[in-house]
Amino acid sequence: MIYGRRRLGKSTLVKRVLTDTDVYFLADCSEGQHQRMLLAKVLAQVFQDFDKLTYPDWESIFRAANYRTDKRFTLCLDEFPYLVEQSPELPSVLQKLVDGKQLKYNVVLCGSSQNMMYGLFLDSTAPLYGRADEIMRLTPIRLPYIQEALNLDAVNAIEEYAVWGGVPRYWELRENKSSLDDALWHNILSVNGTLYEEPIKLFQDDVKDIVKTSTIMSYIGAGANRLSEIAARCNEPATNLSRPLKKLVDLGFLEKDVPFGIDEKNAKKSLYKIADPFMAFYYQFVVPNRSFIELNRRLPIEQSLTAHFSGYVSMQWEKLCRDAVTGNMINGVVYGKAKRWWGSVLNEDKKPEQVEFDVMAESLDKKYLLVGECKWTTQENGKRLTTELLRKANLLPFAQEYTIVPVLFLKNAPKDDIGNSILSENVIELTG
């Protein structure tokens, strides 16, 4: 069983390993009898005249294939949820065949509806629960591979990843254009762009109320990150949003940002952020400029990109830096999960001060506390940044029990470097 959101390459992956004697069938939304007729035509490529018969139900077509084969082959049913929508009995039919141990061929079931695939295979009440020999959930590809795929230097790899994320289909579209700018205008910032309506297409697989989902994503993309803020903008009580927000987190479109040291389940200070880089770019730059895009007015969109793109990449850079620290060895010390920290503390004059740390992580031996500052600008002053980082860290009451390790995550080498900088190429290496 293979599942995961669209565009991650599930079908491509399957087709790469199938041979000429295997059968690949891509389902659609038509009714069951029609789907069986289409499947029979595909099977006829391997078994002569297989489509000359009519198959009244799914069991008959699977058994017929079993009868006709004299050697093991693989049958792949892609977009399996479409078949189940039209034929709810299908999982039970497969359960019967699998449990009977009579099938002489392998079955690969593939689908983009994460909810449905999860429900069919991982819900303990489902007929196919426990029947899969292998379950693969495809997730976006990690940062280092985009550098290799698009032949980029470290800085450009991070900027490109901030737009396309780890989705191979988006990389493919980018690869066909001469520059990032050209790819943006052709694929995203144009009414005819392949990805202009992309979020809607992704939501169609797993979300019933697409309008509400798009609205929530738009508000979060515009900077409403607290539950109370999102509820106020949606003009709904916060309790009504708990379920749709949780679903978007489960699907990987949103993430819950909780300060370091606070239990996620009981966190009152949690913030909602868009998890996927492409989605974050879309809701920051496409949705607010949709009217201009529809009228093909480039100037205001160009101004928006010029003014805000660097700041947008900076936010993605922070996330990549936290990923780089999590579970890795930094200067001989292994750290646990890296998070942000923000809150009010008493400063040197005993007055309240709001402080924030882009990266904070505890060493596995609980002796060290890494505190990090992330900057996506050039020619930073390393000495000055480190002094300020240590000043803020020393204000934290819980930090007193650790040895503080200040780290600067910088786009490129700083002035007055005191040897505590991690640069873009280092982050790429650590996230591999």
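Treat the numbers as computed from the prediction; the structure is a model and nothing was measured.

Participant: Quick rundown of the overall build of the protein? Include the residues and the values.
Facilitator: From N to C terminus, the protein includes 19 helices and 14 strands. C-alpha atoms of the protein, sized along the principal axes, occupy 85 × 55 × 50 Å. Each of the 432 residues in the protein was classed as buried or not, and the buried ones make up 49%. Accessible area for the protein stands at about 21,600 Å²; split by element, carbon and sulfur atoms hold 49% of it. Taking the average location of the 54 positive side-chain charges in the protein and that of its 57 negative ones, the two points are 3 Å from each other.

Participant: So what's going on with the sheet that holds strand β11 (residues 352-362)? Residues and values would help.
Facilitator: Across the sheet, which stays open at both edges, the 5 strands sit in the order β10-β11-β12-β13-β14 with mixed pairing between neighbours. Edge positions in the open sheet fall to β10 (339-346) and β14 (421-423), since each of these has one partner strand only. Averaged over neighbouring strand pairs, the angle between their axes works out to 40° when direction is ignored. Sitting on the sheet, helix α17 (residues 298-325) touches β10, β11, β12 (368-375), β13 (403-410) and β14, and the angle it makes with β11 is about 50°. Each of β11, β12 and β13 is contacted by helix α18 (residues 382-393), which is oriented at about 140° to β13, the strand it contacts most.

Participant: Give me the lowdown on the pattern of salt bridges, citing residues and values where you can.
Facilitator: A pair can form between side chains of opposite charge whenever their charged atoms are brought close. A full pass over the atoms with the stated rule returns 25 salt bridges. In this structure, D276 and R5 form a salt bridge, with 3.0 Å as the shortest nitrogen-oxygen distance. Taken together, the residues span a long stretch of sequence, with D276 in the loop between β7 (271-274) and α15 (277-286) and R5 in the loop between β1 (2-3) and α1 (10-17) at a distance of 271 residues. Take R5: its relative accessible area is 7%, and that puts it in the buried class. A salt bridge links R322 to E318, with the nearest nitrogen and oxygen atoms 3.6 Å apart. Of the two residues, R322 and E318 both sit in helix α17, 4 residues apart, roughly one turn of that helix. Residue R322 shares its accessibility class with E318, and that shared class is buried. Several salt bridges converge on common partners, so that one network encompasses D257, K273, R340 and E356.

Participant: Residues and numbers for the packing of aromatic side chains, please.
Facilitator: Applying the stated criterion across every chain, the model contains 18 aromatic pairs. Both rings, one in F203 and one in F253, keep their centres 5.4 Å apart while their planes meet at 90°; by these two values the pair is edge-to-face. Taken as a pair, F203 in helix α11 (residues 198-204) and F253 in the loop between α14 (242-250) and β6 (254-257) lie far apart in primary sequence, 50 residues in all. One exposure class covers both F203 and F253, and it is buried. Note on Y282 and Y283: the rings are 5.4 Å apart at their centroids and 70° apart in plane angle, and the pair reads as edge-to-face. Like Y283, Y282 is buried. One aromatic cluster is present, formed by F47, F50, Y55, F73 and Y105 through successive ring pairs. Just above the ring of Y196 sits the side chain of R290; from NZ or CZ to the centre is 5.0 Å. It is K392 that lies over the ring of F357; its NZ or CZ is 5.1 Å from the centre.

Participant: Give a detailed account of the environment of F292, specifying residues and quantitative values.
Facilitator: Mapping F292 onto the fold places it in helix α16 (residues 290-294). On the basis of relative accessible area, F292 is assigned to the partly exposed category, the value being 34%. The spacing of F292 and S190 is 102 residues in sequence and 9.7 Å in space, taken between C-alpha atoms. Discounting chain neighbours no more than four positions away, the residues touching F292 are R297, P300 and I301.

Participant: Explain unusual backbone geometry to me, using residue names and the numbers behind them.
Facilitator: Phi at K350 takes a positive value of approximately 65°, unusual for a residue other than glycine. Mapped onto the secondary structure, K350 falls in the loop between β10 and β11. The class for K350 is exposed, based on a relative accessible area of 65%. With a phi close to 65°, K366 is a non-glycine residue in the positive phi region. One can find K366 in the loop between β11 and β12.

Participant: Talk me through the layout of surface pockets; I want residue IDs and the actual numbers.
Facilitator: Each pocket or cavity is described by its volume, and for the largest pocket that value is around 1,500 Å³. Forming the walls of the largest pocket are 50 residues, and the residues nearest its centre are E255, I274, A275, D276 and K319. Only α8 (154-164), α12 (210-221), β6, β7, α15, α17 and β10 provide two or more residues apiece to the lining of the largest pocket. Broken down by element, the lining of the largest pocket gets its largest block of residues, 7 residues, from α17. Of the residues belonging to the lining of the largest pocket, the class tally is 21 nonpolar, 13 polar and 16 charged. One number sums up the size of the second largest pocket: a volume of about 700 Å³. Lining the second largest pocket are 25 residues, with R7, L8, G9, K10 and T12 positioned closest to its centre. For the lining of the second largest pocket, the per-class residue count stands at 11 nonpolar, 5 polar and 9 charged.

Participant: I'd like a rundown of the packing of helix α10 (residues 180-187) against α17, residues and numbers included.
Facilitator: Running from N to C, α10 and α17 point in directions that differ by 130°, and their axes come no closer than 13 Å. Here α17 runs oblique to α10, going by the angle between their axes. Relative to α17, α10 is oriented so that their crossing is right-handed. Contact residues: α10 offers L180, D181 and W185, while α17 offers R298, I301, E302, L305 and F309. When the residues that make up the contact of α10 with α17 are grouped by side-chain class, the tally is 5 nonpolar, no polar and 3 charged.

Conventions adopted
- Residues numbered from 1 in each chain as written.
- Predicted model: local features only at pLDDT ≥ 70, side-chain atom pairs only at ≥ 80, totals over all residues.
- Heavy atoms only, no water.
- Helix = DSSP H or I, 4+ residues; strand = E, 2+ residues; numbered from the N terminus.
- Buried < 20%, exposed > 50% of the residue type's maximum accessible area, 1.4 Å probe, protein only.
- Areas by Shrake-Rupley, 256 points an atom, 1.4 Å probe, with all protein chains shown as cover.
- Lys, Arg positive; Asp, Glu negative; His and termini not counted.
- Charge placed at Lys NZ, Arg CZ, Asp CG, Glu CD.
- Pairing = 2+ DSSP bridges.
- Axes fitted to C-alpha atoms, helices over the stretch in contact; angles between N-to-C directions.
- Contact = heavy atoms within 4.5 Å.
- Salt bridge = Lys/Arg side-chain N within 4 Å of Asp/Glu carboxyl O.
- Phe/Tyr/Trp six-rings, centres within 6.5 Å; stacked < 30°, edge-to-face > 60°.
- Lys NZ or Arg CZ within 6 Å of the ring centre and 35° of its normal.
- 1 Å grid on protein atoms, 1.4 Å probe; cavity = no way out; pocket = protein on both sides within 12 Å on 5 of 7 lines; lining within 4 Å.
- Points joined across faces, edges and corners; volume = space filled by probe spheres on them.
- Nonpolar A, V, L, I, M, F, W, Y, C, P; charged D, E, K, R; others polar.
- Parallel < 35°, antiparallel > 145°, perpendicular 65-115°, else oblique.
- Left-handed = near helix turned anticlockwise from the far one by under 90°.

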